[in-house]
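# Structure at a glance
Listed below are the residues making up each chain.
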Amino acid sequence: MIRLVLVDMDRALGTRDGRPLDQAVLEHLHKVMHAGILLAPMTARDRAQALVLLRGDESCLQDAVLQDGARLVAGGMPLPGAASRAEGARALMRRLGVAPSEVLVLGGASADAELLSALPNSVTTRDSSQAARSCARAMVAGVHEGGVAMLLDDVAQAAEWGEEPAFLRGGGSDGGPRAELGAEAPVEPAKGHAIVPLLAGVAVVAASFVVYLSDTFPSIAGMMVLSVGLLVGVALFYMGLSQRRDARKARKAVGSGRTDGRRARR
């Protein structure tokens with residue numbers, strides 16, 4: 001269960017250029033809090049600047065990592081600062097009594113790289129810094145493309161149902177980047193199934209010839225049995241060839257997806 005969401009304001013939420021947070025994104029942050037999850041924005045800015053970017057919404061700053069960890073807030077109360085954003089986030093987690101496995105970190109800035117590497121539930125955006133993309137275990141579309149909203153909705157809905165978010169249930173276990181959230185993962189094709197209709201087709205054709213040559217049926221009936229057998233056998237044989245071709249294409253697509261995953265890790 002996710003109990004705390006650490007979210008980078010500067011890059012992941014799109015306020016790096018000084019524009020206030022989109023009202024729609026702010027509403028999604030409130031969905032997370034209404035689901036009983038703690039929210040802690042992380043930013044290089046001080047509290048006054050962060051409050052402006054949050055459109056004056058102080059409820060989003062009850063827990064926060066400000067000035068890249070130099071100033072911390074827990075339950076609306078100030079805490080001693082830390083030397084870095086990652087150290088500040090860890091101090092906040094200890095104060096709130098939240099284990100690393102109960103934290104989702106949505107990072108985008110280079111300052112988030114250490115935290116994205118250290119926490120098991122780490123997500124970044126496609127338009128984040130290279131350092132963040134190389135360390136996060138999952139990726140979503142940028143805030144202006146709806147990826148952040150989808151992730152926050154996923155987390156909030158899962159909390160209401162007492163479940164893990166979908167991106168955790170479908171995540172990989174190799175320690176590298178998971179598949180992009182919202183994208184359908186290629187399915188590994190089953191092996192050996194294509195050979196069944198191929199063999200069945202050959203068997204039906206052979207059986208038809210055996211019946212025809214055995215004089216079991218009159219000549220006309222035997223010819224009909226042979227004709228039907230040939231049609232069924234050829235159809236099965238062609239079906240097997242088609243399945244084999246499709247399986248090869250699917251395996252190629254899976255291999256391409258894995259290659260893309262390895263590239264994303266670099």
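Each chain has its residues counted from 1, following the order in which its sequence is written. Since the coordinates come from a predicted model, pLDDT governs what is reported: local features require at least 70, and pairs of side-chain atoms require 80 or more to be given and counted, while whole-chain, interface and lining totals use all residues. Hydrogens and water molecules were not included; the side-chain quantities draw on all heavy atoms of the structure.

## Looking at the nonpolar core
Where we set the bar: Throughout, nonpolar core names a set of buried Ala, Val, Leu, Ile, Met, Phe, Trp, Tyr and Cys residues whose side chains join them through atoms within 4.5 Å. Exposure classes here rest on a 1.4 Å probe applied to the protein chains alone. A residue is buried below 20% of its type maximum, exposed above 50%, and partly exposed in between. Secondary structure elements follow DSSP: runs of H or I no shorter than four residues count as helices, runs of E no shorter than two count as strands, and numbering proceeds from the N terminus. The contact criterion used is simple: two residues touch if any of their non-hydrogen atoms lie within 4.5 Å.
Membership of the largest hydrophobic core comes to 37 residues, with the highest contact counts inside it found for Val5, Leu13, Leu104, Val123 and Leu151. Residue assignment for this core shows that the elements contributing at least two residues are β1 (4-8), α1 (23-34), α2 (47-53), β3 (64-66), β6 (103-106), β8 (138-140), α6 (147-161) and α7 (166-169). In terms of residues, this core owes the most to one element, α6, which gives six residues. Discounting chain neighbours no more than four positions away, the residues touching Leu104 are Ile2, Leu4, Val5, Leu6, Asn121, Val123, Leu151, Val155 and Phe167. Formed by 20 residues, the second largest nonpolar core is a distinct cluster that contains Val65, Leu79, Leu116 and Leu119.

## Looking at the side chain of Asp57
This is how the line gets drawn: Under this rule, positive means Lys or Arg and negative means Asp or Glu; His and the chain ends count for nothing. Salt bridges are counted wherever a side-chain nitrogen of Lys or Arg sits within 4 Å of a carboxyl oxygen of Asp or Glu.
Note on placement: Asp57 falls in the loop between α2 and β3. Although Asp57 is buried, it forms no salt bridge, and the closest oppositely charged side chain is Arg55 at an N-O distance of 9.1 Å. The residues touching Asp57, leaving out its near neighbours within four places in the chain, are Leu26, His30 and Leu51.

## Describing the confidence of the model for the chain
Any residue range with low pLDDT should be treated as having predicted coordinates unsuitable for detailed reading. Condition: Within a predicted model, pLDDT stands for the predictor's per-residue confidence, ranging from 0 to 100.
The pLDDT averaged across the chain works out to 81; a share of 72% of its residues lies at or above 70. Taken together, the stretch residues 182-191 has pLDDT below 50 and engages in twelve contacts with residues farther than four places along the chain or on a different chain. pLDDT under 50 marks residues 253-266. Its contacts with residues more than four places away, or in other chains, come to 14 contacts.

## A few points about unusual backbone geometry
A positive phi angle, close to 60°, is found at Arg55, a residue other than glycine. In this model, Asp68 sits at a positive phi of 55°, which is unusual for a non-glycine residue. Inspection of the secondary structure assignment puts Asp68 in the loop between β3 and β4 (71-74).

## Some thoughts on the environment of Leu53
Relative to the assigned elements, Leu53 resides in helix α2. The class for Leu53 is buried, based on a relative accessible area of 4%. Along the backbone, Leu53 and Thr15 are 38 residues apart, and their C-alpha atoms lie at a distance of 6.9 Å. Setting aside residues up to four positions removed in sequence, Leu53 forms contacts with Met9, Thr15, Gly18, Arg19, Pro20, Leu21 and Arg45.

## Overview of α1
Our working definition: Every helix has an expected span of 1.5 Å times one less than the residues it contains.
Between its first and last C-alpha, α1 extends 16 Å over twelve residues, near the 16 Å set by a 1.5 Å rise per residue. The set of residues buried in α1 consists of Val25, Leu26, His28, Leu29, His30 and Val32. Where α1 is buried, its residues contact β1, β2 (38-42) and α6. Residue Gly36 follows α1 closely and has a positive phi angle near 90°.

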